[in-house]
Amino acid sequence: MTKTTEMLVNDLMKSIIPVKEDTKITEMLDILKKEKIVLIPVVDKDNRLIGTVSENDLIKLVKSEPPSPLAGVVWLDVIDKIVGNKTVKEIMNEKIISVSPTDTVDSALKIMDNYGFRVLPVIDNEKKLLGIIRIRDIFEKLIKGWKMEIFDLALLLLGAKVGGAIFSKLHQ
């Protein structure tokens, strides 16, 4: 069985395009839309993590503005109109909550649960950004492991023909 206590963050870490603090929010929004992510790391010139911008930070930005007649439009498009020439530095969260590549996935899940996060930046000892770990990737890995266990159990209990039919149903 695949266990979160045995998996390391490094095993599930994904690369990500970070932004600098002088990046225009509109440029950052393009990255968020393209990559379909809810958190973007902010790095300095040496690729050290100095903050993050999350979906929640963007929602706070929208809530800080007076109500717009654009309500009902996709919220990222509304933010595009609100931000103007603002930079990432104006909305980034400088409180860094991260994990290292050698942390267990279980410890990453506990941090995510404690803070209500779905994504965590992964940094090395010098605070250099290595990537991110997403709760979605953790669950996909666990589910894939569970499917194989079900297949093995079906083969054992029902034989190859029936077990194979169950496995093919799981992969539809």
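Here's what I pulled together on the structure shown here. Values in this document were obtained by computation on a predicted structure and should not be read as measured data. (Residues numbered from 1 in each chain as written. Predicted model: local features only at pLDDT ≥ 70, side-chain atom pairs only at ≥ 80, totals over all residues. Heavy atoms only, no water.)

Attention now moves to the pairing of strand β3 (residues 49-54). Burial of β3 is extensive: five of the six residues sit out of reach of the surface. Strand direction decides the pairing type here: strand β2 (residues 39-43) and β3, joined by five bridges, are antiparallel. Bridge pairing in β3 places P41 opposite T52. Linking two consecutive strands that pair antiparallel, namely β2 and β3, is a turn of five residues; a positive phi of about 65° is found at N47 within it. (Buried < 20%, exposed > 50% of the residue type's maximum accessible area, 1.4 Å probe, protein only. Helix = DSSP H or I, 4+ residues; strand = E, 2+ residues; numbered from the N terminus. Pairing = 2+ DSSP bridges.)

Counting 24 residues, the largest nonpolar core has I25, M28, V53 and L58 as its most contacted members. Secondary structure elements with two or more residues in this core: α2 (25-35), β2, β3, α3 (55-63), β4 (119-123) and β5 (129-134). Here the element with the most residues in this core is α2; it accounts for five residues. Residues within four places of V53 in sequence aside, it is in contact with M28, V38, L39, I40, V42, L58, V88, I91 and M92. One finds A108, L109, L120 and I138 within the second-largest nonpolar core, a separate group that totals 14 residues. (Core = buried A, V, L, I, M, F, W, Y, C linked by side-chain atoms within 4.5 Å. Contact = heavy atoms within 4.5 Å.)

Leaving glycine aside, a negative phi is the common case for residues, and trans is the common case for peptide bonds. Of note in this structure, K36 is not a glycine but carries a positive phi near 55°. Here K36 lies in the loop between α2 and β2.

To continue, consider the side chain of D57. Among the secondary structure elements, D57 is positioned in helix α3. D57 has contacts with T52, I91 and N93, leaving out every residue within four places of it along the chain.

Moving on, we come to the pairing of β5. With five of six residues buried, β5 is to be regarded as a mostly interior element. Here β4 runs beside β5; their pairing, made up of five bridges, is antiparallel. Each bridged residue has a counterpart across the sheet, and for P121 the counterpart in β5 is I132. Following β4, the chain reverses through five residues before pairing antiparallel with β5; K127 in that reversal takes a positive phi of roughly 65°.

Our focus in this paragraph is a negative patch on the surface. There is a patch of like negative charges on the surface, built from E21, D22, E27, D30 and E94. Secondary-structure assignment places E27 in helix α2. (Patch = residues over 30% accessible without salt bridge, like charges linked within 9 Å, V, L, I, M, F, W, Y side chains within 5 Å. Areas by Shrake-Rupley, 256 points an atom, 1.4 Å probe, with all protein chains shown as cover. Salt bridge = Lys/Arg side-chain N within 4 Å of Asp/Glu carboxyl O. Lys, Arg positive; Asp, Glu negative; His and termini not counted. Charge placed at Lys NZ, Arg CZ, Asp CG, Glu CD.)

Turning to the sheet that holds β2, a few remarks are in order. As summarised here, the arrangement of the three strands in space is β1-β2-β3, forming an open sheet in which the pairing is mixed. One side of each edge strand has no neighbouring strand; the edge strands of this open sheet are β1 (19-20) and β3. Along the sheet, α2 makes contact with β1, β2 and β3, crossing β2 at roughly 135°. (Axes fitted to C-alpha atoms, helices over the stretch in contact; angles between N-to-C directions.)

To continue, consider the environment of T52. Mapped onto the elements, T52 comes out in strand β3. In this structure T52 comes out as buried when scored by relative accessible area, which is 10%. Taking C-alpha positions, T52 is 6.7 Å from E94, a pair spaced 42 residues apart along the chain. Excluding residues that lie within four positions of it along the chain, T52 makes contacts with L39, I40, P41, V42, D57, M92, N93 and P121.

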